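So the chains spell out like this:
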Amino acid sequence: MNTTKKTPAPRRRTTKPASAPPSCGTCDGTGETTTAVRVGRKRREIGATQTALCSDCFGTGTA
């Protein structure tokens, strides 16, 4: 009997994890910035702050 030789199965390779994009410098990766609240015609600051989306990364936290 004539036997044929089988080719070996290809080796499986592990996938490398995707590298994380650099975090935004303005919001430190949180996606939000805080600003002081100003009121009145003279724009005086009161003791409160408000949060908003980061204008550089639009809330994603990455640059």
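In this report, we go over the structure that sits alongside the text. These numbers were taken from a predicted model, which means no experiment stands behind them. (Residues numbered from 1 in each chain as written. Predicted model: local features only at pLDDT ≥ 70, side-chain atom pairs only at ≥ 80, totals over all residues. Heavy atoms only, no water.)

1. Structural notes on the overall build of the chain
Put simply, the rule reads: Only DSSP runs of H or I with at least four residues qualify as helices, and only runs of E with at least two residues qualify as strands; both kinds are numbered from the N terminus onward. Radius of gyration: C-alpha atoms only; globule rule: 2.2 Å multiplied by the number of residues to the exponent 0.38. Think of it in three bands: with a 1.4 Å probe and only protein chains considered, a residue is buried below 20% of the maximum accessible area for its type, exposed above 50%, and partly exposed in between. By definition in these notes, contact holds between two residues if any of their heavy atoms fall within 4.5 Å. Neither His nor the chain ends contribute to the count of charged residues, in which Lys and Arg are positive and Asp and Glu negative. Working definition for charges: the position is that of NZ of Lys, CZ of Arg, CG of Asp or CD of Glu.
A tally of helices and strands in the chain yields zero helices and two strands. Over its C-alpha atoms the chain spans a radius of gyration of 28 Å, topping by over 25% the 11 Å that the globule rule assigns to 63 residues. Referenced to the eigenvectors of the C-alpha coordinate spread, the extents of the chain come out at roughly 100 × 15 × 15 Å. The 63 residues of the chain split such that 10% are buried. The contacts of the chain with a sequence gap of at least 6 include a subset with a gap of at least 24, amounting to 41%. In the chain, 11 side chains carry a positive charge and 4 a negative one; their mean positions are 18 Å apart.

2. A short note on the state of the cysteines
Quick note on the threshold: Criterion for a disulfide: a pair of cysteine sulfur atoms at a distance within 2.5 Å.
As enumerated under the stated definition, the model contains zero disulfides in all. As a non-bridged cysteine, C27 has C57 as the owner of its nearest cysteine sulfur, 3.7 Å distant. Summary of cysteine pairing: C54 is not part of a disulfide, and the nearest cysteine sulfur, belonging to C57, is at 3.7 Å. Classification of C54 by relative accessible area gives buried; the value is 1%.

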